[in-house]
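So you can see what is in the structure, the chains are spelled out below.
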Amino acid sequence: MPFTPLPTALGALLLHLSTTHHLLTNGRILGISSLLGNAFLSPIASLTTDIPVLTGIIAASTFGYLLSPKDFSFLDTIHANYVLGSWTPVVAGLLAGAGTHWSNGCTSGHMLCGLPRMSLRSLVSMLTFSVTAMVTTYLLPSSATLTSTLATPPNCPTGSFSSCFTPTHAPPNTNISIYTTLIILAISVNYLLPNVLPNVLPKENLSRAQVISSFYSGLSFATGLIMSGMSNPSKVLGFLHLIPKHPSSWDFDPSLLLVILFGLLPNFLRWGFYKYSTPQGEAKPRLGEGWRLPETKGVDVRLVGGSVLFGVSWGLMGVCPGPGVVVATVGVLRGLLGGGWGGVGLGGGYMGGFLVGRGVVRGW
């Protein structure tokens, strides 16, 4: 995939804004794997917490597809290029469901939300699943994963890597202006929601304010996934292809490094003022009665083993739980609008496998 610094950086900023808003306003981690497990396996208890976030993700996915259908054209062909064919989403989903249950998180919970809280568990998990995913991508036949999957894989036939990382600048008539507008809106909403809702709604309706706030968290988070390219499996696999198979070519796409620079680093800077692991900077979240953060401490076999399973899943398909919801939503929408049903098997297979895998190991 081409190097796309501007859209990826703008999308990463939205990931920062959404995860920060959800934590400081609602007192919760925006961890998609746990959120999905709660929403589907404990729906009644999640009506005012996790389900609004999931609804926001689905809404953003719908708007994103209607705004720019071409950004999801990969859904028609990518499944045919996976090493396990049409079974890849199911296998990847099963591994992700079981792995994220044992490790208590995925890329959002451990990387975007765990590392800024200085969590040792999140650091170990992130390193484990990242290295595992890169090794998995390296070991799989390139014809079945990257070379055929990537629309325009960069290569350096002369041995010079400079041509691999030439930025792709979007022309003026693309979505960049819309993306920039969304960033400005998100910054405004991040400030307005926690300050306006308590004054508009009675104190006894605080739960209603949390529902609205949580919906916005999901809406902005999914928009960030789409803008940054994390919802495109080809781009993720390009990023995971860090280890070159041949000295004369390199299929690595560095775009998603900007998620660290513009998503993770701002979280470190913003959240550091609140002295996490146990928040002491404010008595309570802006719209919540208290903080609800992960309580599991220490590094154990479950954490490492679960992270390995999730890493294999990520390297196998290039999809993690958040983008899985985006792909499943767009797949159904495309089918209903006559754009083809290719995305249903891709996203639906992954999400179905994820929920089954998480449900099977739930009591373990």
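Per chain, residues are indexed from 1 in the order of the written sequence. In keeping with the model being predicted, local features are shown solely for residues with a pLDDT of at least 70 and side-chain atom pairs are shown and tallied solely at 80 or more, while totals for entire chains, interfaces and linings include all residues. Excluded from the side-chain calculations are hydrogens and water; all other atoms, namely the structure's heavy atoms, are used.

Some details on the confidence of the model for the protein chain
- Taken over all residues, the pLDDT of the protein chain has a mean of 84, while the share at 70 or more is 84%.
- Confidence per residue, as judged by the predictor, is encoded in pLDDT with a range of 0 to 100. It only takes one pair of heavy atoms within 4.5 Å for two residues to be counted as in contact. Low pLDDT, under 50, characterises residues 143-163; the predicted model gives this stretch 50 contacts beyond four residues in sequence or across chains.
- Under a pLDDT of 50 for its full length, residues 276-280 has, in the predicted model, 14 contacts with residues more than four places off or in other chains.

Overview of a nonpolar patch on the surface
- Patch rule: a residue counts if its relative accessible area is over 30% and it has no salt bridge; like charges are joined within 9 Å, and nonpolar side chains (Val, Leu, Ile, Met, Phe, Trp, Tyr) within 5 Å. Here, Shrake-Rupley sampling with a 1.4 Å probe gives the accessible areas, and only protein chains in the shown set may cover a residue. One speaks of a salt bridge when a side-chain nitrogen belonging to Lys or Arg is within 4 Å of a carboxyl oxygen belonging to Asp or Glu. Nonpolar side chains collect at one region of the surface, where F63, L66, V332, L336, L337 and W341 lie side by side and expose about 690 Å² of accessible area between them.
- Helix and strand labels come from DSSP, where a helix needs a run of H or I of at least four residues and a strand needs a run of E of at least two; each type is numbered from the N terminus. For the nonpolar patch, the secondary-structure elements that each account for two or more residues are helix 3 (50-67) and helix 13 (321-336).
- Tracing the backbone through its elements, the reader meets L336 in helix 13.
- Accessibility here uses a 1.4 Å probe with only protein chains present; expressed as a share of the type maximum, an area under 20% marks a residue as buried, one over 50% as exposed, and anything in between as partly exposed. Residue classification places L336 among the exposed residues on the basis of a relative accessible area of 64%.

Considering the pattern of salt bridges
- By the definition in use, this model includes three salt bridges.
- A salt bridge links K70 to D71; its shortest N-O distance comes to 3.6 Å.
- Relative accessible area serves as the criterion here: at 60%, K70 is assigned to the exposed category.
- The partner of R121 in a salt bridge is D300, with the nearest N and O atoms 4.0 Å apart. Taken together, the residues R121 in helix 6 (residues 120-139) and D300 in the loop between helix 11 (257-271) and helix 12 (301-317) connect sequence positions 179 residues apart.
- With a relative accessible area of 34%, D300 lands in the partly exposed category.

Describing helix 2 (residues 32-41)
- Considered for burial, the residues of helix 2 that qualify are I32, S33, L35, L36, G37 and A39.
- Buried-residue contacts for helix 2 involve helix 3, helix 4 (88-103), helix 5 (107-112), helix 9 (206-228), helix 13 and helix 14 (342-360).

A look at the nonpolar core
- Ranked by size, the top nonpolar core spans 66 residues in total, and within it F72 and V326 carry the most contacts.
- Considering each element in turn, this core owes the most residues, six residues, to helix 13.
- When neighbours within four sequence positions are excluded, V326 is seen to be in contact with I57, S61, F72, A222, L225, I226 and S231.
- Throughout this description, the term nonpolar core refers to a set of buried Ala, Val, Leu, Ile, Met, Phe, Trp, Tyr and Cys residues connected via side-chain atoms within 4.5 Å. With 13 residues, the next largest nonpolar core counts L10, L17, L193 and A209 among its residues.

Observations regarding the environment of L66
- Mapped onto the elements of the fold, L66 is located in helix 3.
- With a relative accessible area of 51%, L66 lands in the exposed category.
- Leave out the neighbours within four places in its chain, and L66 touches L333 and L337.

So, the packing of helix 13 against helix 14
- Each axis is a line fitted through C-alpha atoms, taken for helices only over the stretch in contact, and angles between the N-to-C directions span 0 to 180 degrees. One can describe the packing of helix 13 onto helix 14 by two numbers: an axis separation of 7 Å at closest approach and a directional angle of 140°. Here helix 13 is positioned oblique relative to helix 14, judged by the angle of their axes. As for how helix 13 packs across helix 14, the hand of that crossing is left-handed. Of the residues in helix 14, those touching helix 13 at P321, G324, V325, V327, A328, G331, V332 and R334 are G343, V344, L346, G347, G348, Y350, M351 and F354.
- Grouping the constituent residues of the contact of helix 13 with helix 14 by class yields 10 nonpolar, five polar and one charged. If an angle is under 35 degrees, it is roughly parallel; if it is over 145, roughly antiparallel; if it lies from 65 to 115, roughly perpendicular; otherwise it is oblique. Should the near helix be turned anticlockwise from the far one by less than a right angle, the crossing is termed left-handed; should it be turned clockwise, right-handed. Gly counts as polar in this scheme, as do all residues outside two lists: the nonpolar Ala, Val, Leu, Ile, Met, Phe, Trp, Tyr, Cys and Pro, and the charged Asp, Glu, Lys and Arg.

Regarding the packing of aromatic side chains
- A pair of Phe, Tyr and Trp rings is counted when the ring centres sit within 6.5 Å of each other, with Trp represented by its six-membered ring. The angle between the planes then sorts it: under 30 degrees is stacked, over 60 is edge-to-face, the rest tilted. Scanning all chains against the criterion turns up six aromatic pairs.
- Ring geometry for F129 and F310: centres 5.1 Å apart, planes at 85°, overall edge-to-face. Residue F129 is found in helix 6, and its partner F310 is found in helix 12; the two are separated by 181 residues along the sequence. Comparing F129 with F310 shows no difference in burial state: the two are buried.
- Seen in terms of ring centroids, F239 and F252 are 6.0 Å apart; in terms of plane orientation they differ by 35°. Their pairing is tilted. Taken together, the residues F239 in helix 10 (residues 233-240) and F252 in the loop between helix 10 and helix 11 connect sequence positions 13 residues apart. For the pair formed by F239 and F252, the shared burial category is buried.
- Grouping aromatic residues by their ring pairs yields a cluster made of Y65, F72 and F74.

Quick notes on the packing of helix 3 against helix 9
- The interhelical angle for the contact between helix 3 and helix 9, taken along N-to-C directions, is 40°, at an axis separation of 7 Å. Classified by the angle between their axes, helix 3 and helix 9 sit oblique to one another. Viewed along their axes, helix 3 and helix 9 form a crossing whose handedness is right-handed. Of helix 9, the residues touching helix 3 (which contributes P52, V53, T55, G56, I57, A59, A60, S61, F63 and G64) are V211, S214, F215, G218, L219, A222, T223 and I226.
- Partitioned by chemical class, the residues of the contact of helix 3 with helix 9 number 11 nonpolar, seven polar and no charged.

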